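What follows is each chain in one-letter form.
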Amino acid sequence: MSLRNLETVEKIVKTGSDIDFPIGLWDKNPNTGEKVAVNIQQQNLTFDCSFFDNKGKQLAVATIEPVIGTINYLIVSVSKTETKKWKPCENAKFDFRVSNSATGKTIYSKTIEFDIEKGLSQG
C-alpha cells in the first residue's frame, strides 16, 4: 500500500477549516507488477489517523469513512470545530495506520508532516 502521492502535495492546514482528504489504497499484483485496488471490506481493514502538533501533543483523532461506490477509497476528516483550537506551527504530523481487523496486526503505517497556519477567519 502506498501514500506516496501525498509526498508531492503541499501540506498546510489552516486553523478553523475542515480537513477532508481522500486516500486511495493500492497494491501491486506480485505476478504482473500491475497496480490493483485494495478491497477494504474483503481484506477486513480498519484505519486510524491521529493529528499531532510539533511537540507530539495529540490534536485530534480523524473520522475515516469509505467513499460510497468505491472499494479502495476513504475520506479522512477533522471538523473546523477541532482545527479552530489548533495553534500554528511547522512540522506537525498525522499518523495513518491500516490494520487487519481479524488478526489485529498493523499492515501499513505512515507519518506525514504538515504545517498549521492561522486561518484568516481566526482574527
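See the structure above.
Summary of the structure given here. Because the structure is predicted, anything quoted here is derived from the model rather than measured.

## Quick look at the packing of aromatic side chains
Per the stated rule, a full pass over the model turns up eight aromatic pairs. For the pair F47 and F96, a centre-to-centre distance of 6.0 Å together with 20° between the ring planes defines the contact as stacked. You can see F47 sitting in strand 5 (residues 45-52) and its partner F96 sitting in strand 9 (residues 89-100), a full 49 residues away along the chain. Classification of F96 by relative accessible area gives buried; the value is 0%. By the ring-pair criterion, three or more aromatic residues cluster together here, those being F21, F51, W86, F94 and F114. The ring of W26 is capped by K35, whose NZ or CZ atom sits 4.6 Å from the centre of that ring.

## Focus on the pattern of salt bridges
Side-chain pairing between opposite charges can occur once the charged atoms of the two side chains come close. Tallied over the entire structure, the rule returns four salt bridges. The partner of K14 in a salt bridge is E117, and the shortest N-O contact between them spans 2.9 Å. Of this pair, K14 sits in strand 1 (residues 12-14) while E117 is found in strand 10 (residues 106-117), placing the two residues 103 residues apart along the sequence. A relative accessible area of 31% means that E117 is categorised as partly exposed.

## Focus: the pairing of strand 9
Examined bridge by bridge, strand 5 and strand 9 share eight bridges and lie antiparallel to one another. Across the sheet, the residue bridging to F47 is V98, located in strand 9. Where strand 9 and strand 10 come together, nine bridges link them in antiparallel fashion. When the sheet's bridge partners are listed, R97 is paired in strand 10 with S109. Counting the residues in the hairpin turn of strand 9 and strand 10 gives five residues, including G104, whose phi is positive at 80°.

## Things to note about the side chain of N72
Within the fold, N72 resides in the loop between strand 7 (63-66) and strand 8 (73-78). With sequence-adjacent residues up to four places away left out, N72 is seen in contact with I23, G24, L25, W26, A37, V38 and I40.

## A short note on the environment of A92
Following the sequence through the fold, A92 ends up in strand 9. On the basis of relative accessibility, which here comes to 0%, the residue A92 falls in the buried class. A sequence separation of 20 residues divides A92 from I112, and the C-alpha atoms of the two residues are 8.4 Å apart. For A92, the contacting residues outside a window of four places in its chain are F52, D53, N54, I112, E113, F114 and I116.

Thresholds, definitions, all that
Residues numbered from 1 in each chain as written. Predicted model: local features only at pLDDT ≥ 70, side-chain atom pairs only at ≥ 80, totals over all residues. Heavy atoms only, no water. Phe/Tyr/Trp six-rings, centres within 6.5 Å; stacked < 30°, edge-to-face > 60°. Helix = DSSP H or I, 4+ residues; strand = E, 2+ residues; numbered from the N terminus. Buried < 20%, exposed > 50% of the residue type's maximum accessible area, 1.4 Å probe, protein only. Lys NZ or Arg CZ within 6 Å of the ring centre and 35° of its normal. Salt bridge = Lys/Arg side-chain N within 4 Å of Asp/Glu carboxyl O. Pairing = 2+ DSSP bridges. Contact = heavy atoms within 4.5 Å.

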